[in-house]
Amino acid sequence: MIVGVIGSGSIGPDLAYGFLSAVAKTPNARVYLVDIKQEALDAGVARIHGYLKKGLSRGKISPKAAEAIGKALVPTLDIKDLADCEYVLEAASEDLPVKRAILGQLESVVTDSCLIGFATSGLPRAQIAAEAKHPNRCFVNHPFFPAWRSLPIEVVSPSGQPELEERMLSTLRTLGKVPIATADVECFAADDIFCNYISEAARIVEEGVATPAQVDAIVNDAIGGGGPLNVMDATRGNLLTVHCQELMQNAATGSDWFQAPAILSKQGNTPWHDRKNPGDRSYDDDLGKTVLDRMLAVLLGRTYFVVDGDICEATDLNWMTRTALGFTRGLLEVAHDLGAERVFELCDRYAAKNPGFEIPKSIADRNLVEFRANVKVERNGDIGTLRVFRPEVK
């Protein structure tokens, strides 16, 4: 397989390393890593070599596998080197005009059969592909941190193209990913939930209700995930969250509630936590309840917005909130454990204080969607097939 990754910045090298790990053992496999700046390309290659060195030292990969990965990696400054690629993933920018410009260059290079993906946290596929020569081969492929080993990847496909969609899904599986289908809406499924979760954590800090250390401790103690602001420090994601909030605020389903708290922009790339002086993580029961109730209201409200709106299938979404967002249990499982009445109480109380926050119908009706966490039902006419869904288990 011959694939390309465009962008050797924050995520491109990680994606390239993940793809290399999946395909380097096959004959004549190549993974191109493209950037327009030599220093960025050099840094990306160095990161990949660092992963290889660490994997070798820990016995995670064999010397033979490391050698194959090194040989299959092709760093380049020339997009024309992607001419023979079967699949190219653009991961250079979250800026729509930049993505469209790259797509224009790419379509002049690759064959008509080459599949093209766009790594984006929130830009709809229809907007990115609006000026494409062959829009039906363009997909959103939204990966998660850390991109080299995180299994889920959200996929937005063109409508009415089942053969192209199956090719893309098969390609991503070959590259070591678990594709999850989502609708073509702003921020798709996981980042709708995640970015609003981050924004609520930032609001709590901005209002002086709790410190970053307390917010992270309260959330992590209850549902895992390491704490929202710890994740922001790991990903440097404050400004990307602001971007996603703007997309959701301006969407057809948006409202002023989605406006990002000012503290996210002010924080920028500055860490929320000082590792040398981490701060007091202790909290009493009252503070724990105040913070957790708000965080759960946002998490569960947006989770059921996604499910009720058919943005993502319930079993897929539950798995993705556990594996991609890192919670101990999937959020639909969390909701079912709490019960419909308690979920409604949390969301209703939050909505009363936060105009524009939508209570999804299933929560308002106290009728949470039924789902099976580890089983999928596939239907073909009158025949139904039950399939165990635990893709993280090899």
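Relevant structure appears above.
Okay, so let's go over this structure.

Thoughts on the overall build of the protein chain
Assigned secondary structure in the protein chain consists of 16 helices and ten strands. For a compact globule of 394 residues, the expected C-alpha radius of gyration is about 21 Å, and the protein chain comes in at 21 Å, within 12% of that figure. Along the first, second and third principal axes, the C-alpha set of the protein chain runs to 60 × 60 × 40 Å. Here the protein chain holds 394 residues, and the buried ones make up 53% of them. Once local pairs closer than 6 in sequence are excluded, the contacts in the protein chain between residues at least 24 apart make up 73%. Distance between charge centres in the protein chain, computed from 42 positive and 52 negative side chains, equals 6 Å.

Concerning the pairing of strand S9 (residues 375–380)
Where S9 lies against strand S10 (residues 383–388), six bridges are found, and the strand directions are antiparallel. In the sheet register, Arg379 faces S10, and the bridge partner there is Gly384. Hairpin connection from S9 to S10: two residues lie between these consecutive antiparallel strands, with Gly381 at a positive phi of about 70°.

What about unusual backbone geometry?
For the bond running from Phe145 to Pro146, omega is -10°, close enough to zero to count as cis. For Pro146, the location among the structural elements is in the loop between strand S6 (138–142) and strand S7 (152–156). Even without glycine at this site, Cys187 takes up a positive phi of about 70°. In this structure, Cys187 sits in the loop between strand S8 (178–181) and helix H7 (190–206).

Analysis parameters
- Residue positions are given per chain, counted from 1 along the sequence in the order it is written.
- Per-residue local features of the predicted model are confined to residues with pLDDT of at least 70, and side-chain atom pairs are confined, for both listing and counting, to 80 or more; whole-chain, interface and lining totals are unaffected and use all residues.
- Only hydrogens and water are set aside when side-chain values are computed; all heavy atoms of the structure are taken into account.
- Only DSSP runs of H or I reaching four residues or more are called helices, and only runs of E reaching two or more are called strands; each is numbered from the N terminus.
- Just to be clear, the radius of gyration here is over C-alpha atoms, and the globule rule we use is 2.2 Å times residues to the power 0.38.
- Accessibility here uses a 1.4 Å probe with only protein chains present; expressed as a share of the type maximum, an area under 20% marks a residue as buried, one over 50% as exposed, and anything in between as partly exposed.
- By definition in these notes, contact holds between two residues if any of their heavy atoms fall within 4.5 Å.
- We count Lys and Arg on the positive side and Asp and Glu on the negative side, and we leave His and both chain ends out.
- Every charge is mapped onto a representative atom, which is NZ of Lys, CZ of Arg, CG of Asp or CD of Glu.
- Pairs of strands are assigned from DSSP output, requiring at least two bridges between the strands.

As far as function goes, none of this settles anything; it's purely spatial.
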